[in-house]
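Architecture at a glance
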Amino acid sequence: MFETLSLQTIPPEDEALRPIIRALAAEVADGVAADVRARSWQGFDSAFSRRLGAEGFIGLTLPKRYGGSERGPFARFVVVEELLGVGAPVAAHWIADRQSAPLILNFGTEEQRQHYLPPICRGELCFCIGMSEPGSGSDLASVRTRADRTAGGWRLNGQKIWTTNAPHSDYMIALVRTSGGAEDRHDGLSQLIVDLKAPGVVVRPIVDLAGDAHFAEVFFDDVDLPAEALIGVEGEGWRQVNAELAFERSGPERIYSSIVLLDAWLTHLRRSGVATEATVRLAGRFTARLATLRAMSIACTGQLARGESPVIEASLVKDLGTSLEQDIPQAIADDLASRPDDAVDGELLRTLAYVTQVAPSFSLRGGTREILRGIIARGMGLR
Amino acid sequence: MADMDFAAPFARMVDAACPPATVRAIERGESHAALWDQFEKSGFLDALVPECAGGSGLSLAQVGPLIQTAGRHALPLPVGDTMIARWLFAMLGKAAPHDAILLASTRAALTRRPPTEVADLGLFENGGELYLAALAGLSDETPVEHVGPVPEGGLRLLAALVRAASIAGAAGALLDRTVRYANERVQFGRAIGKQQAVQQQLAVMAEQCVAARVASEIGFAGPLPLRPEAVAIAKAVTSAAAPVVAATAHAVHGAIGISEECDIQLLTRRLHQWRISEGSEAYWEGRLGTARLADVASSVDWLVAASSVPSR
Ligand SMILES: Cc1cc2nc3c(=O)[nH]c(=O)nc-3n(C[C@H](O)[C@H](O)[C@H](O)COP(=O)(O)OP(=O)(O)OC[C@H]3O[C@@H](n4cnc5c(N)ncnc54)[C@H](O)[C@@H]3O)c2cc1C
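Just so it is clear, the structure is predicted and the values come from calculations on it, not from any experiment. (Residues numbered from 1 in each chain as written. Chains lettered and ligands numbered in written order. Predicted model: local features only at pLDDT ≥ 70, side-chain atom pairs only at ≥ 80, totals over all residues. Heavy atoms only, no water.)

1. Brief notes about the nonpolar core
- Phe127(A) and Trp265(A) are the most contacted members of the largest nonpolar core, which has 204 residues in total.
- For this core, the element with the most residues is helix α7 (residues 155–184) of chain B, which contributes 18 residues.
- Beyond its immediate stretch of four places on either side in the chain, Trp265(A) contacts Thr279(A), Leu282(A), Ala283(A), Phe286(A), Ile332(A), Asp335(A), Leu336(A) and Leu348(A).
- Ala174(A), Val218(A), Phe220(A) and Val223(A) belong to the second largest nonpolar core, which has 20 residues in total. (Core = buried A, V, L, I, M, F, W, Y, C linked by side-chain atoms within 4.5 Å. Buried < 20%, exposed > 50% of the residue type's maximum accessible area, 1.4 Å probe, protein only. Helix = DSSP H or I, 4+ residues; strand = E, 2+ residues; numbered from the N terminus. Contact = heavy atoms within 4.5 Å.)

2. Digging into the pattern of salt bridges
- Evaluation of the coordinates by the stated rule reveals 46 salt bridges over all chains.
- In this structure, the salt-bridge partner of Asp345(A) is Arg271(A), at a minimum N-O distance of 3.8 Å. Of this pair, Asp345(A) sits in the loop between α11 (311–337) and α12 (346–362) while Arg271(A) sits in helix α9 (residues 259–272); the two residues are 74 residues apart in sequence, bridging distant segments of the chain.
- By relative accessible area, which is 38% here, Asp345(A) ends up partly exposed.
- As a salt-bridge pair, Lys41(B) and Asp37(B) come within 2.5 Å of each other at their nearest N and O atoms. Note that Lys41(B) and Asp37(B) are positioned in helix α3 (residues 33–42) at a spacing of four residues, about one turn of the helix.
- What emerges from the salt-bridge pattern is a single network uniting Glu15(A), Arg18(A), Arg22(A), Glu81(A), Glu82(A), Arg294(A) and Asp301(B). (Salt bridge = Lys/Arg side-chain N within 4 Å of Asp/Glu carboxyl O.)

3. What to know about the packing of aromatic side chains
- Following the criterion strictly, the structure yields 11 aromatic pairs over all chains and no others.
- Among the aromatic residues, those joined into a cluster by ring pairs are Phe10(B), Trp36(B), Phe39(B) and Phe44(B).
- Taking NZ or CZ as reference, Arg76(A) lies 5.7 Å from the ring centre of Trp94(A), over its face. (Phe/Tyr/Trp six-rings, centres within 6.5 Å; stacked < 30°, edge-to-face > 60°. Lys NZ or Arg CZ within 6 Å of the ring centre and 35° of its normal.)

4. Observations concerning unusual backbone geometry
Residues and elements named next belong to chain B.
- The omega angle of the peptide bond from Leu224 to Pro225 is 0 degrees, so this bond is cis rather than trans.
- With respect to the helices and strands, Pro225 occurs in the loop between α8 (196–220) and α9 (228–253).
- Positive phi, normally seen in glycine, also occurs at Ala74, with a value near 50 degrees.
- Its place among the elements puts Ala74 in the loop between α4 (60–72) and α5 (79–91).
- Accessibility expressed as a relative area gives 2% for Ala74, which makes it buried.
- With a phi angle near 60 degrees, Glu278 is a residue other than glycine that sits in the positive phi range.
- Inspection of the secondary structure assignment puts Glu278 in the loop between α10 (264–276) and α11 (281–293).

5. Remarks on the pairing of strand β4 (residues 171–177) of chain A
Residues and elements named next belong to chain A.
- Of all seven residues in β4, seven are buried; the element is thus mostly enclosed.
- Burial of β4 is two-sided: the residues Tyr171, Ile173, Leu175 and Arg177 facing one way and the residues Met172, Ala174 and Val176 facing the other way are all buried.
- Relative to β4, strand β1 (residues 127–130) runs parallel, the two being bridged by four bridges. Bridge pairing in β4 links Cys128 to Met172.
- The sheet contact formed by β4 and strand β5 (residues 189–195) spans seven bridges and is antiparallel. The residue bridging Leu175 from the neighbouring strand is Gln191, located in β5. (Pairing = 2+ DSSP bridges.)

6. Considerations on the site of the ligand
- Around the ligand, a shell composed of 15 residues is seen, among which Ser132(A), Ser138(A), Thr368(A), Glu370(A) and Gln196(B) lie nearest.
- Near the ligand, the surrounding residues belong to chains A and B.
- The separation between an oxygen atom of the ligand and a polar main-chain atom of Ser132(A) is 2.7 Å.
- Measuring from a nitrogen atom of the ligand, one finds a side-chain N or O atom of Gln196(B) at 2.7 Å.
- Split by residue class, the shell around the ligand holds five nonpolar, eight polar and two charged.
- The residue makeup of the shell around the ligand includes at least three contributed by each of domain 2 (128–235) and domain 3 (251–379) of chain A. (Near = heavy atom within 4 Å. Polar contact = N/O pair within 3.5 Å; in protein donor to acceptor, adjacent residues only side chain to side chain. Nonpolar A, V, L, I, M, F, W, Y, C, P; charged D, E, K, R; others polar. Domains from an automatic or database assignment.)

7. Some thoughts on the sheet that holds strand β4 (residues 145–149) of chain B
Residues and elements named next belong to chain B.
- If you trace the four strands from one edge of the open sheet to the other, you get β1-β2-β3-β4, paired in mixed fashion. Each end of this open sheet is capped by a strand with a single partner; those strands are β1 (101–104) and β4. When strand polarity is set aside, the average angle formed by the axes of neighbouring strands in this sheet is 25 degrees.
- With four bridges joining them, β1 and strand β2 (residues 121–126) adopt parallel strand pairing. Within the sheet, the bridge partner assigned to Leu102 lies in β2 and is Gly122. (Axes fitted to C-alpha atoms, helices over the stretch in contact; angles between N-to-C directions.)

8. Overview of the side chain of Thr178(A)
All names here are of chain A.
- Mapped onto the elements, Thr178 comes out in the loop between β4 and β5.
- By relative accessible area, Thr178 is classed as buried at 9%.
- Side-chain polar atoms of Thr178 contact the side chain of Ser190, separated by 2.6 Å.
- In contact with Thr178, other than residues within four places in its own chain, are Ala147, Trp154, Gly188, Leu189, Ser190, Glu234 and Gly235.

Remember, this is a structural readout, not a statement about activity or role.
The following block contains the structure:
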């Protein structure tokens, strides 16, 4: 089962990007404290995103005629891995590059592609994902935000929540109901590109448990949108959103959320010369799991490169990956405190505290553990 | 995919030659000569032997799936071990014996092997040298035959890698069987596989099986000599997966899985055995951790370097 998840090699021409992107990442990561870098893809820096865009590192999978560099998913893997590995701030272009742009490319009209994709590739446009609502989390098909047809387009009413980066975003791609009611489930849903500056849109940031405000509530009160706001086919929103989720779930960010902490801990161990058996084994266990997950993530990338949509495989890698991401802070905490008389520097402790606190979100965002396992079970023919 | 060219006929052969009844018969002590003869004649045992020495000259990566297949079928004879042993003999310019050869990093591992680990000869390491011993009546005093110097990195790397692939294969077979059983067994008026609690367990089992297979592939990637980190990744991850996979297979099968008659016991028993053979996850995590801590590279740097397979 799941034979598609099998060892693959990143092509040398994509591997060749590594030193270039590494140097760029170092410019914004060097000298920055680990507890700041641990924010990983929550770290927001528009100037850095524009810089990456100018250097051709955004839209790596997009055709050149839309401003992309037409290199494909393996190139994107290399770039993303290098950025996440040092905790470079990538939030300003993250969602647009990962899923909004491929969605627009796959389902958008030529006009929509021309309009949105070049500025995305320049790192100028920030997108957010409008799926969750107060009453619709895991049960995404139950969304109640509604768009009704008007003479000129659509009128939008409803509310989204937990929308990452909404406060900084230019656009949201929202999953909304355009016909029928909740009983129609997967039918009658559509995706709309919502200009967040349109009258009637209110964005209210939500502060998270670590004190950051990366996500928000977004309210729509009679928001008038042009006909071209519809992306893809009316009523096909469910199918489109599932293709989008394969992009959302399959990337290396699902294995690297705790990597800055892991590296800070390894550095601490080397500096302090700690090499108790339990500690050494733990370092080995993390390394073995990470190497395996990385190979699995590259295999998913290979599927994307072949034009497949690795919905089930991505769920499997994400669930296993987030388990490691969550085990890292838990086990590191136990390891450090197993030697209560040792001095641990404040930066490592702050990084640990931050990652420990946000770790539960790793297996919520992008689909919860239970939902992903349900998808895997379906993939095995159990549902 | 070129690898499939060898894997499919091998799988067909094992399927036909070694049904569960044969596994049980050999484990009971009945002669394995007829079964071994089939492998001997098939040519697969010389898969790794260079073509100039009369073998097939397959790469390690091509042989990995064959050893997984042997694991899938709970093959009671050391086919993977013998493939490695014959390659070692060829490298030393020696003719390999025709018998079933078990690899062991120490002589003690041979004398204390479980009774179901059936073979004719054992190839083991002692003081940097390889020795061959007849397994029948083997004790710590039995005379042994000197073969030559151990391969780079030691015999344990090779033996552990065979165990890793065997675990990956057996785990995959257990997943297939367990999912099938969950879809067939009805309780409370519907298949138990329709119960979300069962589905979630099977999803975790699937994750462990895929991780085990991919980790095994990491071990088999690249040319010989083996890279110790790659073997450590393979054996650490497969060994850690083994008890989880075995436990879930049994949990989902219920009481029927506890019966001798149910074939899953052939596989779960081997999972536990292979997990502790040639170092458990703790041993390999220790080796890997030592190497990792000695290297100042960042995690991503280390992973990239570890995955870049040197070409032959
Ligand atoms: C940091 C962060 C960022 C996010 N960013 C975004 C974003 O940008 N855009 C967006 O749209 N959403 C975003 N989300 C929301 C995220 O998608 C939801 O949290 C997720 O889909 C789960 O929904 P919920 O939180 O309402 O939990 P619920 O669906 O209420 O689930 C609560 C618990 O019940 C379990 N459960 C629910 N249904 C079932 C079932 N059928 N079987 C078994 N168990 C079940 C869940 O697994 C979970 O354990 C974000 C969330 C976080 C934490």
